[in-house]
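# Secondary and tertiary structure notes
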Amino acid sequence: MNIPEKILKLTAEAERELAPVFAEIDRRSFDGTVRVLEAFKEERLSEAMFAASTGYGYGDAGRDAADRICAKIFGAEAAFIRPSILSGTHAITVGLFGLLRPGDVMLSVTNAPYDTLHDVIGIKGADGTGSLADFGVTYDQVDMTPDGRIDIEGAKAKLAEYGDRVRVIFIQRSKGYILRRSLSSEEIGEAARALKAVSPKSFVVVDNCYGEFTCDKEPCALGADMIIGSLIKNAGGGMADIGGYIAGTAEAVELAGYRLTCPGVGLEVGASLGQTRNILKGLFYAPHTTAQALKTAHLTAYIFEKLGYEVSPKAGEMRNDIIQTVTFRDPVAMVKFCRGIQFASPIDSHVSPEPWDMPGYDDPVVMAAGAFTGGSSIELSADGPMRDPYTAFMQGGLTYESGRYGIMCAAGYVISE
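My aim in this report is to walk through the structure given alongside it, one point at a time. (Residues numbered from 1 in each chain as written. Predicted model: local features only at pLDDT ≥ 70, side-chain atom pairs only at ≥ 80, totals over all residues. Heavy atoms only, no water.)

### Remarks on the environment of alanine 286
You can see alanine 286 is positioned in helix 9 (residues 276–306). As for alanine 286 and glutamate 186, which are separated by 100 residues in sequence, their C-alpha atoms are 20 Å apart. For alanine 286, the residues in contact, after removing those within four places along its chain, are Phe213, Asn234, Ala235 and Gly237. (Helix = DSSP H or I, 4+ residues; strand = E, 2+ residues; numbered from the N terminus. Contact = heavy atoms within 4.5 Å.)

The following block contains the structure:
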């Protein structure tokens, strides 16, 4: 594709204007990398720990070291990071079922959770599929304030209403498919401390997907009881083939471990199957790769706002996750954007994305995802539900150079006749 001259000039202009922002991103990437290396050194990470285990995985020193490294990096008392976790949704399911019991209440204080969790929770009620609702867990939510912040007073009122029944206070850090602000670790920590002061027996659980390494600290270092994420997003650095993590207080992680395997066994088992090397290499790359994705997001915001589209966050704004939205208010332009991203992908660049009925979603979804790892969101991708106002949710970029090219191609596709 020949990139239009208009887009070439916009890109050069953007990079000049964003130079100070990129420098701050590099600073945070360096600090994050030092944090990772310090954890590796403290655990005396060695080649021998990469040996594969099978079966029960008893005595897998590499697996256990990876768990402790994950805890140190995220500022938690305990953690586990395992290839047996299939996705972010799966990881969150493990965490929620580990903590919640029949008669408990799960209170979301960041609107409704991401679409794929609706069936897990049973938001529409018990239906026999094995949702939390089927097991007698009540779900309720507190909507965020108009300016996209947690409504602390509204949440306190709900806590007073339910009393000790609220076992989980759920916070989704990223926006999901809702046009709202993503939350910083500091905001989440402040909310966690305020709400636990009212309901000390509750666990504050954070869906941390897309947010890792975008701030100087993670939410569990600031007051959250549990953070959960996927290794095919930020935390895997583009190196992990599969997996997820749960980190937090020792009690919360232990309970989640019993759900990961079974009560009485917990984290003592779990074969690594040769994945420890890639998981730890992913953690090593994660601060840098996240920085590449953040730079790509800033560039996207700059170019598409100049082209007349609504973007959030705007170029130069502080980022709390790697997601960039572009609202087209036109289904054709949205699909063109995704096709441009796909065209610039290293894998399946010849494929033309079309909206389809993706499992777990209420509307057809168009998705560009030419990734080395299937479904990886730290690799450059774009997707969104085909509903008004036709907003594309873009994230990732293993390298800024590839992200830059992808955004230039997407912009070229959108302005083409």
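### Concerning the sheet that holds strand 2 (residues 105–108)
Taken together, the seven strands give an open sheet; going across it, the order is 1-7-6-5-4-2-3, and neighbouring strands pair in mixed fashion. Because the sheet does not close on itself, it has two edges, and the strands there are strand 1 (78–82) and strand 3 (138–141). Averaged over all neighbouring strand pairs, the angle between strand axes comes to 20°, with direction disregarded. Of the pairings in the sheet, the one linking strand 5 (residues 203–207) to strand 6 (residues 226–230) comprises three bridges and is parallel in character. Residue pairing across strands places valine 205 opposite methionine 226, the latter belonging to strand 6. Running over the sheet, helix 8 (residues 250–260) touches strand 1, strand 4 (166–172), strand 5, strand 6 and strand 7 (244–248) and is turned about 30° from strand 1. (Pairing = 2+ DSSP bridges. Axes fitted to C-alpha atoms, helices over the stretch in contact; angles between N-to-C directions.)

### Section: unusual backbone geometry
Look at the link from serine 312 to proline 313: it is a cis peptide, with omega at -5°. In the segment running from aspartate 388 into proline 389, the intervening peptide bond is cis, with an omega of 15°. Take proline 389: it is sitting in the loop between strand 11 (381–385) and strand 12 (391–395).

### Topic: the pairing of strand 4
Burial analysis of strand 4 places six of its seven residues in the buried class, the great majority of the element. Sheet analysis places strand 2 next to strand 4, joined by four bridges and oriented parallel. From the neighbouring strand, valine 105 faces strand 4, where its bridge partner is valine 166. Handedness of the crossover is the feature at issue here: the chain leaves strand 4, passes through helix 7 (residues 185–198), returns alongside strand 5, and the resulting connection is right-handed. (Buried < 20%, exposed > 50% of the residue type's maximum accessible area, 1.4 Å probe, protein only. Right-handed = clockwise from strand over helix to strand, strands pointing away.)

### Brief notes about the pattern of salt bridges
Opposite charge on two side chains allows them to pair when their charged atoms are near. Throughout the structure, instances matching the rule amount to 25 salt bridges. A salt bridge links glutamate 187 to arginine 149; the nearest nitrogen and oxygen atoms lie 3.2 Å apart. Separated by 38 residues along the polypeptide, glutamate 187 in helix 7 and arginine 149 in the loop between strand 3 and helix 6 (152–162) bring together distant segments of the chain. Among the residues examined, arginine 149 registers a relative accessible area of 39% and is labelled partly exposed. Lysine 196 is paired through a salt bridge with aspartate 225; the nearest N and O atoms lie 3.1 Å apart. With lysine 196 in helix 7 and aspartate 225 in the loop between strand 5 and strand 6, this pair connects stretches of sequence that are 29 residues apart. No difference in accessibility class separates lysine 196 from aspartate 225, as the two residues are buried. One salt-bridge network, in which partners are shared between bridges, spans Glu24, Arg27, Arg28, Asp31 and Asp216. (Salt bridge = Lys/Arg side-chain N within 4 Å of Asp/Glu carboxyl O.)

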